[in-house]
Amino acid sequence: MKKLFKILIIAFMVCVLFIPSFSYADQVHRVTPGESLYRIGEKYGVTTNELIQNNSFLKSPNTLFVNQVIIIPETGQSVTYRVQAGDSLYRISQKFGVSMEALAQANRLKNWDTLYIGQILYVPSDSYTVKPGDTLYLIAQKFGVSVTALAKENNLNNLDYIYVGQVLTIPGSKSNTQKPGSGVLVDPRAEKYPDTFYFKGSSNSRRIALTFDDGPDEIYTPAILDILKAHNAKATFFLLGSKVKEQPELVNRMIKEGHTIGNHTWTHPDLRKVTNERLVSEIKQTEKAIMEVSGLTTSIMRAPYGAANESVIEQLQDLNYKVIDWNIDTADWRAETTSDEILINTLTNVTEDSIVLMHDSPADRSATVRALPELITTLNRNGYTFITTDEMLDVQAYR
Ligand SMILES: [Zn+2]
(Lines give C-alpha, C1' and ligand atoms only; values in the text may rest on other atoms or scores of the structure.)
Protein backbone atom coordinates (compact mmCIF):
# COMPACT_ATOMS: atom_id res chain seq x y z
CA MET A 1 0.00 0.00 0.00
CA LYS A 2 2.76 2.37 1.02
CA LYS A 3 4.69 1.47 -2.09
CA LEU A 4 1.74 2.17 -4.34
CA PHE A 5 1.32 5.54 -2.66
CA LYS A 6 4.99 6.31 -3.32
CA ILE A 7 4.62 5.37 -6.97
CA LEU A 8 1.57 7.58 -7.27
CA ILE A 9 3.44 10.48 -5.70
CA ILE A 10 6.36 10.01 -8.08
CA ALA A 11 4.04 9.69 -11.06
CA PHE A 12 2.33 12.87 -9.98
CA MET A 13 5.63 14.73 -9.61
CA VAL A 14 6.74 13.58 -13.04
CA CYS A 15 3.50 14.85 -14.55
CA VAL A 16 3.80 18.19 -12.82
CA LEU A 17 7.41 18.63 -13.83
CA PHE A 18 6.76 17.92 -17.47
CA ILE A 19 3.52 19.76 -18.06
CA PRO A 20 4.39 23.27 -19.19
CA SER A 21 2.66 26.19 -17.51
CA PHE A 22 0.98 27.11 -20.74
CA SER A 23 -0.17 24.82 -23.46
CA TYR A 24 0.51 25.91 -27.01
CA ALA A 25 -2.02 25.85 -29.77
CA ASP A 26 0.32 24.59 -32.43
CA GLN A 27 2.48 21.53 -32.82
CA VAL A 28 5.54 20.63 -34.83
CA HIS A 29 5.44 18.16 -37.71
CA ARG A 30 8.56 16.88 -39.46
CA VAL A 31 8.05 16.03 -43.11
CA THR A 32 8.64 12.41 -44.12
CA PRO A 33 9.42 11.21 -47.68
CA GLY A 34 6.49 11.50 -50.06
CA GLU A 35 4.38 13.72 -47.83
CA SER A 36 2.42 16.63 -49.25
CA LEU A 37 0.70 19.47 -47.40
CA TYR A 38 -2.61 17.86 -48.28
CA ARG A 39 -1.60 14.57 -46.67
CA ILE A 40 -0.26 16.31 -43.58
CA GLY A 41 -3.52 18.25 -43.32
CA GLU A 42 -5.50 15.04 -43.55
CA LYS A 43 -3.45 13.51 -40.81
CA TYR A 44 -4.11 16.38 -38.40
CA GLY A 45 -7.59 17.36 -39.58
CA VAL A 46 -6.67 20.79 -40.90
CA THR A 47 -7.03 22.18 -44.39
CA THR A 48 -4.15 22.83 -46.79
CA ASN A 49 -5.08 26.50 -46.64
CA GLU A 50 -4.78 26.59 -42.88
CA LEU A 51 -1.36 24.96 -43.19
CA ILE A 52 -0.22 27.49 -45.76
CA GLN A 53 -1.46 30.35 -43.61
CA ASN A 54 0.31 29.02 -40.55
CA ASN A 55 3.57 28.41 -42.46
CA SER A 56 3.93 31.58 -44.44
CA PHE A 57 7.69 31.00 -44.62
CA LEU A 58 7.12 28.23 -47.21
CA LYS A 59 8.59 29.21 -50.53
CA SER A 60 6.48 26.84 -52.54
CA PRO A 61 3.72 24.92 -50.73
CA ASN A 62 3.97 22.23 -53.40
CA THR A 63 7.61 21.46 -52.61
CA LEU A 64 8.25 20.18 -49.13
CA PHE A 65 11.63 18.91 -48.05
CA VAL A 66 12.15 15.76 -46.06
CA ASN A 67 12.74 16.56 -42.36
CA GLN A 68 11.69 20.16 -42.74
CA VAL A 69 9.38 21.49 -40.07
CA ILE A 70 5.70 22.31 -40.65
CA ILE A 71 3.75 23.96 -37.85
CA ILE A 72 0.31 22.42 -37.41
CA PRO A 73 -2.33 24.90 -36.23
CA GLU A 74 -4.69 23.67 -33.59
CA THR A 75 -7.84 25.30 -32.36
CA GLY A 76 -9.96 24.86 -29.26
CA GLN A 77 -7.07 24.78 -26.85
CA SER A 78 -7.22 26.51 -23.49
CA VAL A 79 -4.60 28.27 -21.43
CA THR A 80 -3.34 26.40 -18.41
CA TYR A 81 -1.41 27.83 -15.48
CA ARG A 82 0.77 26.05 -12.94
CA VAL A 83 0.38 27.31 -9.39
CA GLN A 84 3.55 28.83 -7.99
CA ALA A 85 4.74 29.55 -4.46
CA GLY A 86 2.87 32.52 -3.01
CA ASP A 87 -0.09 32.20 -5.39
CA SER A 88 -3.64 32.48 -4.17
CA LEU A 89 -6.80 32.18 -6.22
CA TYR A 90 -7.19 35.93 -5.85
CA ARG A 91 -3.70 36.62 -7.19
CA ILE A 92 -4.17 34.25 -10.11
CA SER A 93 -7.53 35.80 -10.94
CA GLN A 94 -5.85 39.23 -10.93
CA LYS A 95 -3.01 37.94 -13.06
CA PHE A 96 -5.29 36.69 -15.79
CA GLY A 97 -8.04 39.26 -15.41
CA VAL A 98 -10.72 36.64 -14.73
CA SER A 99 -13.01 36.28 -11.74
CA MET A 100 -12.27 33.85 -8.90
CA GLU A 101 -15.69 32.33 -9.50
CA ALA A 102 -14.84 31.55 -13.10
CA LEU A 103 -11.52 30.00 -12.09
CA ALA A 104 -13.10 27.93 -9.32
CA GLN A 105 -15.84 26.72 -11.62
CA ALA A 106 -13.50 25.81 -14.47
CA ASN A 107 -11.34 23.81 -12.10
CA ARG A 108 -14.10 22.43 -9.85
CA LEU A 109 -12.41 23.90 -6.82
CA LYS A 110 -14.40 23.22 -3.65
CA ASN A 111 -12.12 25.09 -1.33
CA TRP A 112 -10.70 28.29 -2.73
CA ASP A 113 -8.03 28.47 -0.06
CA THR A 114 -6.26 25.22 -0.82
CA LEU A 115 -4.18 25.51 -3.92
CA TYR A 116 -0.96 23.57 -4.01
CA ILE A 117 2.27 24.42 -5.77
CA GLY A 118 2.41 22.75 -9.17
CA GLN A 119 -1.38 22.40 -9.44
CA ILE A 120 -2.58 22.91 -12.99
CA LEU A 121 -5.41 25.38 -13.38
CA TYR A 122 -7.39 25.96 -16.54
CA VAL A 123 -7.87 29.62 -17.22
CA PRO A 124 -11.32 30.09 -18.77
CA SER A 125 -10.57 33.30 -20.50
CA ASP A 126 -8.63 34.74 -23.35
CA SER A 127 -8.55 38.30 -22.14
CA TYR A 128 -6.46 40.29 -19.71
CA THR A 129 -7.09 43.72 -18.23
CA VAL A 130 -4.03 45.98 -18.08
CA LYS A 131 -3.01 46.91 -14.51
CA PRO A 132 -0.90 49.85 -13.30
CA GLY A 133 2.78 49.14 -13.86
CA ASP A 134 2.14 46.65 -16.66
CA THR A 135 4.20 46.74 -19.82
CA LEU A 136 3.58 44.66 -22.92
CA TYR A 137 6.77 42.78 -22.09
CA LEU A 138 5.57 41.92 -18.58
CA ILE A 139 2.17 40.79 -19.83
CA ALA A 140 3.81 38.63 -22.50
CA GLN A 141 6.03 37.12 -19.82
CA LYS A 142 3.02 36.45 -17.57
CA PHE A 143 1.25 34.48 -20.25
CA GLY A 144 4.28 32.94 -21.84
CA VAL A 145 3.60 34.45 -25.23
CA SER A 146 5.81 36.62 -27.38
CA VAL A 147 5.51 40.41 -27.37
CA THR A 148 5.19 40.26 -31.13
CA ALA A 149 2.29 37.82 -31.01
CA LEU A 150 0.57 39.86 -28.29
CA ALA A 151 0.95 43.10 -30.23
CA LYS A 152 -0.26 41.49 -33.45
CA GLU A 153 -3.22 39.87 -31.76
CA ASN A 154 -4.37 43.24 -30.44
CA ASN A 155 -3.35 45.32 -33.45
CA LEU A 156 -1.06 47.40 -31.26
CA ASN A 157 1.04 49.78 -33.26
CA ASN A 158 2.90 51.29 -30.37
CA LEU A 159 4.51 48.81 -28.00
CA ASP A 160 5.05 51.50 -25.36
CA TYR A 161 1.45 52.65 -25.14
CA ILE A 162 -0.98 50.40 -23.39
CA TYR A 163 -3.31 51.89 -20.81
CA VAL A 164 -4.67 50.77 -17.47
CA GLY A 165 -8.03 49.11 -17.95
CA GLN A 166 -7.30 48.17 -21.57
CA VAL A 167 -8.49 44.65 -22.34
CA LEU A 168 -5.99 42.59 -24.31
CA THR A 169 -6.64 39.32 -26.06
CA ILE A 170 -4.03 36.72 -25.23
CA PRO A 171 -2.91 34.87 -28.36
CA GLY A 172 -3.08 31.12 -28.42
CA SER A 173 -6.18 30.98 -26.28
CA LYS A 174 -9.56 29.46 -26.88
CA SER A 175 -11.42 31.91 -29.05
CA ASN A 176 -8.35 32.84 -30.99
CA THR A 177 -8.40 31.11 -34.32
CA GLN A 178 -6.84 33.95 -36.24
CA LYS A 179 -3.30 33.14 -37.23
CA PRO A 180 -0.49 35.62 -37.68
CA GLY A 181 -0.02 36.15 -41.39
CA SER A 182 2.82 38.03 -42.94
CA GLY A 183 1.53 41.24 -41.35
CA VAL A 184 4.26 43.76 -40.71
CA LEU A 185 4.38 45.10 -37.20
CA VAL A 186 4.92 48.82 -37.00
CA ASP A 187 7.15 50.18 -34.26
CA PRO A 188 6.76 53.95 -33.80
CA ARG A 189 10.19 54.11 -32.18
CA ALA A 190 11.71 53.07 -35.51
CA GLU A 191 9.64 55.77 -37.21
CA LYS A 192 10.67 58.46 -34.77
CA TYR A 193 14.35 57.45 -34.66
CA PRO A 194 14.98 55.90 -38.09
CA ASP A 195 18.76 56.25 -37.78
CA THR A 196 19.01 54.93 -34.23
CA PHE A 197 16.29 52.37 -33.49
CA TYR A 198 15.78 49.21 -35.58
CA PHE A 199 13.59 46.14 -35.13
CA LYS A 200 13.69 44.58 -38.62
CA GLY A 201 15.25 45.11 -42.01
CA SER A 202 13.57 46.60 -45.04
CA SER A 203 15.02 44.87 -48.09
CA ASN A 204 11.99 42.59 -48.61
CA SER A 205 14.25 39.64 -49.19
CA ARG A 206 14.46 36.30 -47.45
CA ARG A 207 17.09 37.25 -44.91
CA ILE A 208 17.05 36.55 -41.18
CA ALA A 209 19.20 38.05 -38.47
CA LEU A 210 19.47 35.67 -35.53
CA THR A 211 20.52 37.39 -32.32
CA PHE A 212 21.79 35.80 -29.11
CA ASP A 213 21.70 37.81 -25.89
CA ASP A 214 23.23 37.67 -22.42
CA GLY A 215 26.38 35.66 -23.21
CA PRO A 216 29.01 34.59 -23.78
CA ASP A 217 28.36 31.38 -21.93
CA GLU A 218 31.00 28.69 -21.61
CA ILE A 219 28.54 25.84 -22.34
CA TYR A 220 25.88 27.09 -24.73
CA THR A 221 27.80 29.66 -26.75
CA PRO A 222 30.30 27.12 -28.20
CA ALA A 223 27.41 24.76 -29.04
CA ILE A 224 25.59 27.57 -30.86
CA LEU A 225 28.76 28.64 -32.66
CA ASP A 226 29.32 25.06 -33.84
CA ILE A 227 25.78 24.88 -35.28
CA LEU A 228 26.08 28.25 -37.01
CA LYS A 229 29.41 27.19 -38.50
CA ALA A 230 28.03 23.87 -39.75
CA HIS A 231 25.21 25.70 -41.56
CA ASN A 232 27.29 28.64 -42.71
CA ALA A 233 24.92 30.98 -40.87
CA LYS A 234 25.99 34.34 -39.45
CA ALA A 235 24.47 35.86 -36.32
CA THR A 236 24.78 38.71 -33.85
CA PHE A 237 25.74 38.26 -30.20
CA PHE A 238 24.76 40.98 -27.71
CA LEU A 239 27.26 40.55 -24.91
CA LEU A 240 27.20 41.37 -21.23
CA GLY A 241 30.40 43.18 -20.34
CA SER A 242 30.75 41.27 -17.10
CA LYS A 243 30.88 37.99 -19.03
CA VAL A 244 33.18 39.23 -21.77
CA LYS A 245 36.05 39.30 -19.27
CA GLU A 246 35.35 35.69 -18.28
CA GLN A 247 35.15 34.32 -21.86
CA PRO A 248 37.58 36.34 -24.00
CA GLU A 249 38.34 33.40 -26.31
CA LEU A 250 34.65 32.98 -27.16
CA VAL A 251 34.35 36.65 -28.06
CA ASN A 252 37.25 36.29 -30.44
CA ARG A 253 35.83 33.07 -31.88
CA MET A 254 32.57 34.91 -32.71
CA ILE A 255 34.46 37.60 -34.60
CA LYS A 256 36.77 35.14 -36.34
CA GLU A 257 33.79 33.11 -37.59
CA GLY A 258 32.07 36.11 -39.13
CA HIS A 259 29.52 37.00 -36.49
CA THR A 260 28.90 40.46 -35.12
CA ILE A 261 29.18 41.38 -31.47
CA GLY A 262 27.20 44.14 -29.80
CA ASN A 263 26.83 45.79 -26.41
CA HIS A 264 24.16 44.51 -23.98
CA THR A 265 25.29 46.52 -20.90
CA TRP A 266 27.28 45.33 -17.90
CA THR A 267 24.61 44.25 -15.38
CA HIS A 268 21.46 43.98 -17.55
CA PRO A 269 19.36 46.70 -15.89
CA ASP A 270 16.07 48.10 -17.20
CA LEU A 271 17.59 51.24 -18.70
CA ARG A 272 14.31 53.15 -18.28
CA LYS A 273 14.83 52.96 -14.54
CA VAL A 274 18.46 54.08 -14.18
CA THR A 275 20.11 57.49 -14.14
CA ASN A 276 21.94 58.83 -17.16
CA GLU A 277 25.25 58.35 -15.32
CA ARG A 278 24.47 54.70 -14.73
CA LEU A 279 23.35 54.17 -18.34
CA VAL A 280 26.56 55.71 -19.63
CA SER A 281 28.72 53.58 -17.32
CA GLU A 282 26.83 50.37 -18.21
CA ILE A 283 27.54 50.99 -21.89
CA LYS A 284 31.05 52.39 -21.57
CA GLN A 285 32.31 49.73 -19.16
CA THR A 286 31.07 47.00 -21.52
CA GLU A 287 32.49 48.81 -24.53
CA LYS A 288 35.87 48.95 -22.79
CA ALA A 289 35.83 45.25 -21.85
CA ILE A 290 34.99 44.26 -25.43
CA MET A 291 37.68 46.57 -26.76
CA GLU A 292 40.32 45.14 -24.43
CA VAL A 293 39.48 41.59 -25.47
CA SER A 294 38.91 42.07 -29.20
CA GLY A 295 40.35 45.43 -30.19
CA LEU A 296 36.90 46.42 -31.51
CA THR A 297 34.75 49.31 -30.30
CA THR A 298 31.06 48.44 -30.53
CA SER A 299 28.49 50.83 -31.95
CA ILE A 300 25.37 48.66 -31.87
CA MET A 301 23.58 47.63 -28.71
CA ARG A 302 20.45 45.90 -27.50
CA ALA A 303 18.58 47.23 -24.50
CA PRO A 304 18.05 44.61 -21.78
CA TYR A 305 14.43 43.32 -22.00
CA GLY A 306 14.08 45.45 -25.12
CA ALA A 307 13.15 48.15 -22.63
CA ALA A 308 13.93 51.29 -24.59
CA ASN A 309 11.64 54.30 -24.40
CA GLU A 310 12.30 57.61 -26.10
CA SER A 311 14.50 58.89 -23.29
CA VAL A 312 16.66 55.73 -23.37
CA ILE A 313 16.93 55.87 -27.16
CA GLU A 314 18.00 59.51 -27.02
CA GLN A 315 20.66 58.80 -24.38
CA LEU A 316 22.03 55.95 -26.50
CA GLN A 317 21.91 58.14 -29.58
CA ASP A 318 24.11 60.64 -27.70
CA LEU A 319 26.61 57.80 -27.18
CA ASN A 320 26.52 57.14 -30.94
CA TYR A 321 24.90 53.75 -30.54
CA LYS A 322 22.35 52.08 -32.80
CA VAL A 323 19.65 50.30 -30.78
CA ILE A 324 18.70 46.91 -32.22
CA ASP A 325 15.38 45.44 -31.11
CA TRP A 326 13.62 42.44 -32.70
CA ASN A 327 10.36 41.53 -34.38
CA ILE A 328 10.37 37.80 -33.59
CA ASP A 329 10.58 36.66 -29.98
CA THR A 330 11.36 32.94 -29.66
CA ALA A 331 10.45 33.19 -25.92
CA ASP A 332 13.46 31.00 -25.20
CA TRP A 333 14.07 33.19 -22.13
CA ARG A 334 11.21 31.34 -20.43
CA ALA A 335 12.54 28.32 -18.59
CA GLU A 336 9.57 26.20 -19.73
CA THR A 337 9.89 26.91 -23.44
CA THR A 338 10.66 23.71 -25.33
CA SER A 339 12.61 23.45 -28.57
CA ASP A 340 9.34 22.72 -30.42
CA GLU A 341 7.83 25.90 -28.99
CA ILE A 342 10.86 27.87 -30.18
CA LEU A 343 10.26 26.47 -33.68
CA ILE A 344 6.55 27.35 -33.47
CA ASN A 345 7.15 30.87 -32.16
CA THR A 346 9.64 31.56 -34.92
CA LEU A 347 8.21 29.79 -37.96
CA THR A 348 4.63 31.02 -37.55
CA ASN A 349 5.80 34.63 -37.31
CA VAL A 350 8.80 34.85 -39.55
CA THR A 351 8.77 37.43 -42.33
CA GLU A 352 11.38 38.77 -44.70
CA ASP A 353 14.12 40.74 -42.90
CA SER A 354 13.18 39.42 -39.48
CA ILE A 355 15.37 39.98 -36.45
CA VAL A 356 14.97 37.01 -34.11
CA LEU A 357 15.51 37.20 -30.33
CA MET A 358 17.30 34.21 -28.81
CA HIS A 359 19.59 33.65 -25.81
CA ASP A 360 22.83 31.76 -25.20
CA SER A 361 22.85 32.54 -21.47
CA PRO A 362 22.37 32.75 -18.43
CA ALA A 363 20.15 29.73 -17.71
CA ASP A 364 19.82 26.31 -19.36
CA ARG A 365 19.66 27.03 -23.08
CA SER A 366 19.57 23.44 -24.29
CA ALA A 367 16.13 24.04 -25.87
CA THR A 368 17.62 26.85 -27.95
CA VAL A 369 20.54 24.64 -28.95
CA ARG A 370 18.17 21.80 -29.91
CA ALA A 371 15.85 24.03 -31.95
CA LEU A 372 18.57 25.84 -33.87
CA PRO A 373 19.64 23.24 -36.49
CA GLU A 374 16.03 22.50 -37.53
CA LEU A 375 15.15 26.16 -37.58
CA ILE A 376 18.10 27.03 -39.81
CA THR A 377 17.63 24.02 -42.10
CA THR A 378 13.89 24.57 -42.53
CA LEU A 379 14.31 28.24 -43.35
CA ASN A 380 17.40 27.64 -45.50
CA ARG A 381 15.51 25.20 -47.68
CA ASN A 382 12.78 27.76 -48.12
CA GLY A 383 15.20 30.32 -49.46
CA TYR A 384 16.22 32.19 -46.31
CA THR A 385 19.81 33.12 -45.52
CA PHE A 386 21.19 34.09 -42.13
CA ILE A 387 23.12 37.33 -41.85
CA THR A 388 24.30 39.71 -39.13
CA THR A 389 22.12 42.62 -37.98
CA ASP A 390 24.60 45.22 -39.18
CA GLU A 391 24.55 43.70 -42.65
CA MET A 392 20.75 43.53 -42.68
CA LEU A 393 20.35 47.10 -41.46
CA ASP A 394 23.35 48.49 -43.33
CA VAL A 395 24.85 50.06 -40.22
CA GLN A 396 28.38 50.06 -38.77
CA ALA A 397 28.86 47.48 -36.02
CA TYR A 398 32.15 49.01 -34.88
CA ARG A 399 33.73 52.43 -34.94
ZN1 LIG B 1 19.25 40.31 -22.20
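Residues numbered from 1 in each chain as written. Predicted model: local features only at pLDDT ≥ 70, side-chain atom pairs only at ≥ 80, totals over all residues. Heavy atoms only, no water.

A. Summary view of the overall build of the protein chain. Assigned secondary structure in the protein chain consists of 16 helices and 15 strands. Here the protein chain holds 399 residues, and 53% of them are scored as buried. In the protein chain, the proportion of contacts linking residues at least 24 apart, taken out of those at least 6 apart, comes to 75%. Split by element, the accessible area of the protein chain, about 18,300 Å² in all, is 53% carbon and sulfur. (Helix = DSSP H or I, 4+ residues; strand = E, 2+ residues; numbered from the N terminus. Buried < 20%, exposed > 50% of the residue type's maximum accessible area, 1.4 Å probe, protein only. Contact = heavy atoms within 4.5 Å. Areas by Shrake-Rupley, 256 points an atom, 1.4 Å probe, with all protein chains shown as cover.)

B. Structural context of the nonpolar core. Core analysis: the largest hydrophobic core is formed by 50 residues, its most contacted members being Ile-70, Leu-210, Phe-212, Leu-228, Phe-237, Leu-372 and Leu-379. Tallying contributions element by element places helix H15 (residues 366-381) first for this core, with seven residues. When residues of this core are assigned to domains, at least three map to each of domain 1 (27-72) and domain 3 (188-393). Phe-237 has contacts with Phe-212, Thr-221, Ile-224, Leu-225, Leu-228, Met-254, His-259, Thr-260, Ile-261, Gly-262 and Asp-360, leaving out every residue within four places of it along the chain. Membership of the second largest hydrophobic core comes to 42 residues, among which are Leu-121, Val-123, Ala-140 and Phe-238. (Core = buried A, V, L, I, M, F, W, Y, C linked by side-chain atoms within 4.5 Å. Domains from an automatic or database assignment.)

C. Main features of the confidence of the model for the protein chain. Of all residues in the protein chain, 88% attain a pLDDT of 70 or more, and the chain-wide mean is 86. Of the regions scoring below 50 in pLDDT, residues 14-24 engages in 30 contacts with residues more than four places distant in sequence or in other chains. In the predicted structure, residues 173-184 sits below a pLDDT of 50 and forms 26 contacts with residues beyond four places in sequence or in another chain. (pLDDT = per-residue confidence, 0-100.)

D. Representation of the coordination of the zinc ion. Every protein donor of the zinc ion is accounted for by Asp-214 (OD), His-264 (NE2) and His-268 (NE2), and the metal-donor separations fall at 2.0 to 2.1 Å. For the zinc ion, all donor residues lie on one chain, and their spacing in sequence is D-x49-H-x3-H. Accessibility classification places His-264 together with His-268 in one group, the buried group. (Donors = N, O, S within 2.8 Å, 3.2 Å for Na, K, Ca; no water.)

E. Expanded view of the packing of helix H14 (residues 339-347) against H15. Across the interface, H14 lies against H15 with an axial gap of 8 Å and an inter-helix angle of 40 degrees. On the basis of the axis angle, H14 is oblique to H15. The handedness of the crossing between H14 and H15 comes out as right-handed. Across from Ser-339, Ile-342, Leu-343, Thr-346 and Leu-347 in H14, the residues of H15 making contact are Ala-367, Thr-368, Arg-370, Ala-371, Glu-374, Leu-375, Thr-378 and Leu-379. Considering only residue class, the contact of H14 with H15 consists of seven nonpolar, four polar and two charged. (Axes fitted to C-alpha atoms, helices over the stretch in contact; angles between N-to-C directions. Parallel < 35°, antiparallel > 145°, perpendicular 65-115°, else oblique. Left-handed = near helix turned anticlockwise from the far one by under 90°. Nonpolar A, V, L, I, M, F, W, Y, C, P; charged D, E, K, R; others polar.)

F. Representation of the pairing of strand S8 (residues 207-215). In terms of residue burial, S8 counts as a mostly covered element, since nine of its nine residues are buried. In this structure, S8 lies alongside strand S14 (residues 354-359), joined through six bridges in parallel fashion. From the neighbouring strand, Ala-209 faces S14, where its bridge partner is Ile-355. Direction of pairing for S8 relative to strand S9 (residues 235-239): parallel, over a ladder of five bridges. (Pairing = 2+ DSSP bridges.)

G. Region of interest: H14. Of all the nine residues making up H14, eight are buried; the element is thus mostly covered by neighbouring parts of the structure. Within the sequence span of H14, burial applies to Ser-339, Glu-341, Ile-342, Leu-343, Ile-344, Asn-345, Thr-346 and Leu-347. On its buried side, H14 packs onto strand S1 (27-30), helix H3 (48-54), strand S2 (69-72), strand S13 (328-329), S14 and H15.

H. How the structure looks around the pattern of salt bridges. Evaluated as defined, the whole model comprises 17 salt bridges. Between Arg-302 and Asp-213 there is a salt bridge whose closest N-O contact spans 3.0 Å. One end of the pair, Arg-302, is in the loop between strand S11 (300-301) and helix H13 (310-318); the other, Asp-213, is in strand S8, and 89 residues separate them in sequence. This pair shows no difference in class: Arg-302 is buried, exactly as Asp-213 is. Of the charged contacts in the structure, one is a salt bridge between Glu-292 and Lys-245, with a shortest N-O distance of 3.9 Å. (Salt bridge = Lys/Arg side-chain N within 4 Å of Asp/Glu carboxyl O.)

I. Spatial organisation of the packing of aromatic side chains. Tallying each qualifying case throughout the model produces three aromatic pairs. Centroid distance Tyr-137 to Tyr-305: 5.9 Å. Interplanar angle 70 degrees. Geometry classified as edge-to-face. Taken together, the residues span a long stretch of sequence, with Tyr-137 in helix H6 (residues 136-143) and Tyr-305 in the loop between S11 and H13 at a distance of 168 residues. A relative accessible area of 18% means that Tyr-137 is categorised as buried. The partly exposed category is assigned to Tyr-305, whose relative accessible area is 36%. Judged by centre distance (5.2 Å) and plane angle (25 degrees), the rings of Phe-212 and Phe-237 are stacked. You can see Phe-212 sitting in strand S8 and its partner Phe-237 sitting in strand S9, a full 25 residues away along the chain. (Phe/Tyr/Trp six-rings, centres within 6.5 Å; stacked < 30°, edge-to-face > 60°.)

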